Amino acid sequence: MSITLQHISKQFGAFKALDDINLDIPEGELVALLGPSGCGKTTLLRIIAGLEQADQGDVFLKGDNVTDQPVKNRRIGFVFQHYALFRHMTVFDNIAFGLRVKPRKERPGEAQIKDKVHALLQLVQLDWLHDRFPDQLSGGQRQRIALARALAVEPSVLLLDEPFGALDASVRKDLRLWLRHLHHELNVTSIFVTHDQEEAMEVASQIVVLNHGKIEQKGTPSEIYDQPQSDFVSRFIGQTNVFHIEGDEQHWLKSTGIIVDEPKGTVAHVRPHNIDVEKVTDATNSRVFLKDWQHLGGTIRLELNRDGHNGSGSTIYAEMPNEQFRELALHKGDRVALRIKHAHWFN
Ligand SMILES: Nc1ncnc2c1ncn2[C@@H]1O[C@H](COP(=O)(O)OP(=O)(O)OP(=O)(O)O)[C@@H](O)[C@H]1O
């Protein structure tokens, strides 16, 4: 089911939590709502669900205006960060719950419920846990059960609010891929809230970046990463070096030998992999030196400092494949020359 939001605004007292949000989500997308804490992600999700009323604007599901419709008429499934499984019910009964409380006319028989619950348990690959209680499950297992429970009533839209937020890093990573694959299989229009840009990039087909209650940018993960449309998005998604091409910094850039081809603005944001690093033999030609480096798996992150600046604000980060780093044979303190291969320009 497609989702359309038109001019959604919401205030809490004098505080504007959402400010004129317009958004179109086609059927079958897996969308991440990404942004810093307090930017309005959860509020927007709750308005789509009908758990919260917007002050202004309309919500359309599959073209129907549902702004005044209660939650139960919207055919939406939820999964929240803090597993809302019923503690006194087994896994099986938790998943069956939504089917058993349907109005009598729509309620399936117990045999059908049994088949359906086992099919869902197989889908989330946890059929063997059907008679356990929530307390006897790991955090990751509970989230998968919570998802199976949300899917039981065949929602047209699935809303996930930081579904993996409370889990440790390795479980989160597994569940991200699992969610992506599950979505491929089911194709239910889904929105998940996260403040973790890596999670959004890895899971979503579209990312909506929110900041201070406004949409900063919407696009595929690669559009958001490679063509950030604002200073905020560029800084929020991935690491970036910020160079001011006007004023003191310009002087510094020139005197340091950092080459910027054709400036197209006053501020250059440069991803670490877009900085070329070369060793220099004549130290007088360079005022940048290698302070330290870290292994990031297949690549090395170089921490470069300028002469006379040891503060973190003046650190430049570059990244290159391990092999290239070995070939450069750099040591701590070595002087280097930098070339900026590609920048995102802002004014
Ligand atoms: N019921 C409420 N009453 C007053 N203020 C609220 C209420 N709900 C949310 N807010 C405020 O609105 C803003 C947006 O909240 P929201 O929960 O949507 O943010 P979020 O982006 O989901 O944040 P987080 O990532 O921290 O969960 C916050 O500043 C929050 O304090």
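Structure first, text after, so check above.
None of the values given here were measured: they were computed from a predicted structure.

Parameters and conventions
Residues numbered from 1 in each chain as written. Predicted model: local features only at pLDDT ≥ 70, side-chain atom pairs only at ≥ 80, totals over all residues. Near = placed C-beta within 6 Å. Helix = DSSP H or I, 4+ residues; strand = E, 2+ residues; numbered from the N terminus. Nonpolar A, V, L, I, M, F, W, Y, C, P; charged D, E, K, R; others polar. Pairing = 2+ DSSP bridges. Axes fitted to C-alpha atoms, helices over the stretch in contact; angles between N-to-C directions. Parallel < 35°, antiparallel > 145°, perpendicular 65-115°, else oblique. Left-handed = near helix turned anticlockwise from the far one by under 90°. Contact = placed C-beta atoms within 7 Å. Expected span 1.5 Å × (residues − 1). Buried ≥ 20, exposed ≤ 12 C-beta atoms within 10 Å, placed from the backbone. Arc of directions from axis to C-beta.

Chemist: Account for the site of the ligand, with residues named and values stated.
Modeler: Taken together, the residues surrounding the ligand are Phe 12, Ala 17, Gly 35, Ser 37, Gly 38, Cys 39, Gly 40, Lys 41, Thr 42, Thr 43 and His 195. A per-element tally of the shell around the ligand places helix H1 (residues 41–49) first, with three residues. Across the shell around the ligand, the residue classes break down as three nonpolar, seven polar and one charged.

Chemist: Can you lay out the sheet that holds strand E1 (residues 3–12) for me, pointing to particular residues and giving the numbers?
Modeler: On the basis of which strands lie adjacent, the open sheet formed by four strands has the order E2-E1-E4-E5 and antiparallel pairing. Either end of the sheet is taken by a strand with one partner, and the two such strands are strand E2 (15–25) and strand E5 (64–65). In this structure, E1 lies alongside E2, joined through seven bridges in antiparallel fashion. Directly across from Lys 10, in E2, lies its bridge partner Leu 18.

Chemist: Account for the packing of helix H2 (residues 91–100) against helix H3 (residues 110–123), with residues named and values stated.
Modeler: Between H2 and H3, whose axes approach to 10 Å, the crossing angle comes to 125°. By the angle class used here, H2 and H3 are oblique. Judged by the twist between their axes, the crossing of H2 over H3 is right-handed. Here Phe 92, Ile 95, Ala 96, Leu 99 and Arg 100 of H2 come into contact with H3, specifically with Ile 113, Lys 116, Val 117, Leu 120 and Leu 121.

Chemist: Which residues make up the sheet that holds strand E6 (residues 76–80), and what values go with them?
Modeler: Reading across from one edge, E6-E7-E8-E3-E9-E10 is the order of the six strands in this open sheet, with mixed pairing throughout. Where the open sheet ends on each side, the last strands, each with one partner, are E6 and strand E10 (214–219). The average undirected angle you get between the axes of adjacent strands in this sheet is 15°. Strand direction decides the pairing type here: E6 and strand E7 (residues 157–161), joined by five bridges, are parallel. Note that in E7 the partner of Phe 78 across the bridge is Leu 159. Helix-sheet contacts for H1 involve strand E3 (30–34), E6, E7, strand E8 (189–194) and strand E9 (206–211), and the interaxial angle to E7 is about 155°. Along the sheet face, helix H4 (residues 139–152) touches E6 and E7 and points at about 165° away from the line of E6.

Chemist: So what's going on with H3? Which residues, and what values?
Modeler: Helix length check: H3, at 14 residues, gives a terminal C-alpha distance of 20 Å against a target of 20 Å (1.5 Å per residue), a fit within 8%. Within H3, the full set of buried residues consists of Val 117, Leu 120 and Leu 121. Along the long axis of H3, the arc covered by the buried residues comes to 100°, so they all point the same way. Residues of H3 that are exposed and angled more than 90 degrees away from the buried face: Ala 111, Gln 112, Asp 115 and Gln 122. Packing partners of the buried residues in H3 comprise H2 and H4.

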